[in-house]
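Residue-level listing of the chains:
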Amino acid sequence: MELIKAKNLTFSYPNSKEVLNDISFEINKGDFVLLFGKSGSGKSTLMKHLSVSLAPYGEKKGDILYKGKDINDLTIRERCEKIGYVSQNIEAQIITDKVWHELAFTLENLGYDKVTMKSRIAEMSSFFSMSQWMNRDTSALSGGEKQKLNLACSMLSFPEILLLDEPTSQLDPVMRNEFISLLTKINEEFGTTIIITEHSLSGIIDKADKCILLDGGKIKFQGNNLEMINNIIEKNNEYYDFLPSPVKLGNKIFDKRDVLTVKEAKKLVDNTDIKFKEIKNESFIRGNEIAIALKHIWFRYHKHSPDVIKDMSLKVYKGDFISVIGPNGAGKSTLLNILGKVIKPYRGKVVSTGKVAVLPQNPVSLFIKNTIRKDLEDISEDYISLVSKIGAENLLDSHPYDLSGGEIEIMALIKVLLVNPDILILDEPTKGMDVIYKDKIGKLLEGLNNNGVTIIVVSHDMEFISKYIPLSTIMFDGDIVSFKESRKLFGENYFYTTDINRITKERLDNAILLDEVNVYDK
C-alpha cells in the first residue's frame, strides 16, 4: 500500500539555489527506507518537508501525498500522531526535567486522558526498557539514553511514519547498535514505516527495503540495497567509499556484492584458504614537552550531584594527536571542557602551555551573524585560504541555520582554526559529515599536527580515528581506563574498534583499515 508519494518536489531557501530539484519517489506502508548522500545534498531538507510541521521557509513546487492526499491538508493533530520525527540534535528535543514528564508531555499535548496516558507510558517504557528511568532527571541521562527517550516519545502516538535524521551520529558504537536494533524491532513488530538518513551505512544497509541516493538535490538512484550496491560499483564509483566495510571487503577479496554484514564477511574470511599479507606496524613517536597536564582532578556540575570526573590524571605532550572514546555519559565532553578551561575542577590542577581553541559539541553556537562569511571575517581576513582547502566556498554566504549538520561542523572548525591555536580540542568534529568531508578534515588535521599543533578529539567515529588519529584513550565512569596507540587499542577491543578489525581479528593482527587487508593469491 502506497503511504508517501513525492511528485516533482522542488525547493529553494530564500536567496539560494534549489536544494531539492524535481524529487519523485514512492514509499509503501511498512518499508524501511535508507536515504543517503553527500553532506548538503538535501537529505535534511527533504525530511523536514516530509514531517510537514518542520518544513522550512522558502519557495516550494511539486507535491507530497500522504495516502493519496496532499500532506499539507493534514490537521496539526494528524501530523503529530501520524508522523514521528527524531533529529541528530539530541538535546534540542528534550523539554522537561524528568523522564516521565517528557513522556507525559507528548501525550498531554495530544489531549489524551490520564488513564490512556498511564497505559501508554507503561507500555512504551517497558518496550524500550526504560522502567527504571522514570524518576531520573533528563539532564542526568547519557546522550544515548536521551536519544532513546526521544525515540520513545516519538512512538507514543504509534505513528505510521517515523522520520529519523542522522539519529546515531552522536552515539557510541554500543548504543548505536542498540538504537538500530530498536528501529528494526519497531519496523517488524509495529509495521511502522521507517525513513532514516545516515552517513554511516554499517549495520543498517542490510535492514533497508529501499535505498534513495540524493546528489545535489536530485535523486541519483532508488532501489533495494543490492541494486544500490551494484549501481554504485558499476556506475557511481564516486560513492564507493560510502559503502560499509563488509560490502567493500566482500567485493575486494571475494568478488562478491551481497556481503552486507560483519557476520557474513567474517564467515567468508574465517573459512577461506586465501593467504593474507602481514601488516607492517609503525609506532607514533611522542614528544617530551608537556602541552597539558591534569593532576588528580575531580569535577561535578552541582554541589550535591555525583562526580563526573573522578581523580583523573593525564599528560598530553606537544605534538600529540589523541582521540578520546568511550560510552555516552562517561564524561568525555566534560573532560574536553576542563582541558579547554571552559569549566574548572573543584579539586586537582590543570596546567597548559600555549593558545587553546575548543570546537564545542554544538557548533552552531559559534555563529552570531546572518552569514558564515561575516562571522569568519570578524576573526581573520585569511579565512578564504582555509575555506578553499576544504572546498567549502559555496557555503560562505549561507545562513548558519540553513546548513546541514556536516556543513556547520566544517565551518565551525574553520572558525576555530582561524585563531591559530597551539592546542586544538574538538568535540565530535565529524558528526553529520560524509566520507568525503571526513577525509578532507582528517588530512587538514594531519597537516596541522605535522606542523606541531597538539590535537585532542572526542569521537565515536571509529573509522575516522583508525585512519587519522595515532593515539587513543578510553574513558569510563569519569576516568581514563586505557591509553595506547589506536591500532593496539582497537586490536584488543571488540566494541570500540572498526568493522575490518572485527572481521579479520582471527586472521590478521591489528588490521583496522580495508587498505591493510591484502592477499598473496586471489
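This is a predicted model, so every value here is computed, not measured.

**Points about the packing of helix H11 (residues 372-379) against helix H13 (residues 405-417)**
- H13 packs onto H11 with a crossing angle of 15 degrees between their chain directions and a minimal axis gap of 10 Å. Overall, the two elements H11 and H13 adopt an arrangement that is roughly parallel. Crossing hand, H11 versus H13: right-handed. For the pair formed by H11 and H13, the contact residues are Ile372, Asp375, Leu376 and Ile379 on the first element and Ile408, Met411, Ile414 and Lys415 on the second.
- A class-by-class count of the residues in the contact of H11 with H13 yields 6 nonpolar, no polar and 2 charged.

**As for the pairing of strand E4 (residues 59-66)**
- For strand E1 (residues 2-12) and E4, the ladder comprises 7 bridges, and the chain directions are antiparallel. Following the sheet pairing, Ile4 is matched in E4 by Tyr66.
- The turn linking E4 back onto strand E5 (residues 69-70) is made up of 2 residues, and Lys67 within it adopts a positive phi angle of 55 degrees.

**Some points on the side chain of Asn328**
- Relative to the assigned elements, Asn328 resides in the loop between strand E13 (321-325) and helix H10 (332-339).
- Taking the relative accessible area as the measure of exposure, Asn328 reaches 15% and is therefore buried.
- Here His460 takes part through its side chain, which lies 3.5 Å from a polar atom of the side chain of Asn328.
- In this structure Asn328 touches Ser142, Gly143, Gly144, Gln170, Leu171, Asp172, Met175 and His460, once residues within four positions along its chain are discounted.

**Thoughts on the sheet that holds strand E2 (residues 18-28)**
- Within the open sheet, the 4 strands sit side by side as E2-E1-E4-E5. Their pairing is antiparallel. Whereas interior strands pair on both sides, the edge strands pair on one side only; in this sheet they are E2 and E5.
- Inspection of the sheet shows E1 paired to E2 by 7 bridges, in the antiparallel sense. In the strand pairing of E2, Ser12 is matched with Glu18.
- Along the sheet face, helix H1 (residues 43-51) touches E1, E2 and E4 and points at about 55 degrees away from the line of E2.

Reading guide: rules and limits
Residues numbered from 1 in each chain as written. Predicted model: local features only at pLDDT ≥ 70, side-chain atom pairs only at ≥ 80, totals over all residues. Heavy atoms only, no water. Axes fitted to C-alpha atoms, helices over the stretch in contact; angles between N-to-C directions. Helix = DSSP H or I, 4+ residues; strand = E, 2+ residues; numbered from the N terminus. Parallel < 35°, antiparallel > 145°, perpendicular 65-115°, else oblique. Left-handed = near helix turned anticlockwise from the far one by under 90°. Contact = heavy atoms within 4.5 Å. Nonpolar A, V, L, I, M, F, W, Y, C, P; charged D, E, K, R; others polar. Pairing = 2+ DSSP bridges. Buried < 20%, exposed > 50% of the residue type's maximum accessible area, 1.4 Å probe, protein only. Polar contact = N/O pair within 3.5 Å; in protein donor to acceptor, adjacent residues only side chain to side chain.

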